[in-house]
Amino acid sequence: MSRIVIHAGFHKTGTSTPQAWLGAARGPLRPHAKIVPARGMQALLHACRACSTLPEPKSPAKVAARAEAFARGIAGLKGRALILSADALSGHPPGRPGIDSCAAAPVLLAELTAALARRFPRAAIHVALTTRAPGPWLRSAHREHLRSAAITEDAASFAARLRPAADLSAAEAAVAAGLPHPVHRPPLEATPDPRAALLRLAGVPDTARAALPPPRHRNAARPAALDDLLHINRTISDRAARRDAKTARPRQAAGTR
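Residues numbered from 1 in each chain as written. Predicted model: local features only at pLDDT ≥ 70, side-chain atom pairs only at ≥ 80, totals over all residues. Heavy atoms only, no water.

Topic: the overall build of the chain
Thinking step 1. When helices and strands are counted, the chain shows twelve helices and five strands.
Thinking step 2. With 257 residues in all, the chain has 47% of them scored as buried.
Thinking step 3. Across the chain, contacts joining residues at least 24 apart in sequence account for 77% of those joining residues at least 6 apart.
Thinking step 4. Of the roughly 12,900 Å² that the chain leaves accessible, carbon and sulfur atoms contribute 54%. (Helix = DSSP H or I, 4+ residues; strand = E, 2+ residues; numbered from the N terminus. Buried < 20%, exposed > 50% of the residue type's maximum accessible area, 1.4 Å probe, protein only. Contact = heavy atoms within 4.5 Å. Areas by Shrake-Rupley, 256 points an atom, 1.4 Å probe, with all protein chains shown as cover.)

Given below as structure tokens:
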């Protein structure tokens, strides 16, 4: 029986490294698993992000339709596993304007798993949701939104607003309560190599896992001039100019070393 593993985040829980590695390892893993990274399901991810912006996420027809189209577009697995890996399967990250929780995740994953169960009725479906302790998650989320969005909150204000969303264990429990499939929660702090956990869930043999190259760590924590990013967000209203200022900042910093 084939297995389907859906790695849907959560955002800012060390997911970038295994997701990038899975995308790069599709060739060596082909005898054992079909890997679908984010770039292989853009239409579905777009609908998931849009759904998460609703005040009370429900089950929009677009998400259901795109999940169905995505599932039907997957060729027969022939005994191999299917691994999907993209944070956006759980929606936009909390902290964006109007998004203060992971409330969309149960809706989105219910639609996706239902579509995959119809397409592969004999497959065992597993959902993996990496979690992280609230303090480190809030710091990482704030840093990411300063870099990629236009928030103007300092770290303390951001943490006060997003503290309920930092309870990722509660978010995982909400997903599990709405699915008839196992939901796995490997904490970031206790899972130094999340890719191994995903491959085990998919039933990839130990011998195949041992032969694969190690991942290259992405988005590793490093000192960042958060005050500079906050100043840019607070003082530059034009989106393009703000983006250019953020892009130029590392080059300027490197030139002053």
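What follows picks up the thread again.
A short note on helix α8 (residues 168-177)
Thinking step 1. Along α8, the residues that are buried comprise Leu168, Ala171, Glu172 and Val175. In a view along the axis of α8, the buried residues occupy a sector of 100°, so they form one face of it.
Thinking step 2. The elements touched by buried residues of α8 are α5 (105-119), α6 (134-148) and β5 (183-184). (Arc of directions from axis to C-beta.)

Observations concerning the nonpolar core
Thinking step 1. Among the nonpolar cores identified, the biggest contains 53 residues, and Ile6, Met41, Leu82, Leu84, Leu89 and Leu116 are the most heavily contacted of them.
Thinking step 2. Of all the elements, α5 adds the most residues to this core, at seven residues.
Thinking step 3. Residues within four places of leucine 116 in sequence aside, it is in contact with Ile4, Ile6, Ala71, Ile74, Leu82, Leu84 and Ile125.
Thinking step 4. Residues Trp21, Ile35, Leu199 and Leu212 belong to the second largest nonpolar core, which totals 17 residues. (Core = buried A, V, L, I, M, F, W, Y, C linked by side-chain atoms within 4.5 Å.)

A look at the environment of proline 205
Thinking step 1. Tracing the backbone through its elements, the reader meets proline 205 in the loop between α9 (194-201) and α10 (206-210).
Thinking step 2. For the pair formed by proline 205 and histidine 32, sequence separation is 173 residues and the distance between their alpha carbons is 8.1 Å.

Focus: the pairing of strand β2 (residues 33-37)
Thinking step 1. For β2, a buried count of four out of five residues is recorded, marking the element as mostly surrounded by other parts of the structure.
Thinking step 2. When β2 meets strand β3 (residues 81-85), the two strands line up parallel, connected through five bridges. Residue pairing in the sheet places valine 36 in a bridge with leucine 84 of β3. (Pairing = 2+ DSSP bridges.)

Re the pairing of strand β1 (residues 3-7)
Thinking step 1. Counting buried positions along β1 gives four out of five residues, so the element sits mostly inside the fold.
Thinking step 2. Bridge count between β1 and strand β4 (residues 124-128): five bridges; the pairing is parallel. The partner of isoleucine 6 across the bridge, within β4, is valine 127.
Thinking step 3. Bridge count between β1 and β3: four bridges; the pairing is parallel. Note that in β3 the partner of isoleucine 6 across the bridge is leucine 84.

As for unusual backbone geometry
Thinking step 1. Note that the residue after glycine 9, namely phenylalanine 10, is joined by a cis bond; omega there is 5°.
Thinking step 2. Relative to the helices and strands, phenylalanine 10 is located in the loop between β1 and α1 (16-24).
Thinking step 3. Of note, the phi angle at lysine 12 is positive, near 60°, even though the residue is not glycine.
Thinking step 4. Within the element layout of this structure, lysine 12 appears in the loop between β1 and α1.

Some thoughts on the state of the cysteines
Thinking step 1. One pass over the structure, following the stated rule, counts zero disulfides.
Thinking step 2. For the unlinked cysteine cysteine 48, the closest cysteine sulfur is that of cysteine 51, found at 7.3 Å. (Disulfide = S-S within 2.5 Å.)

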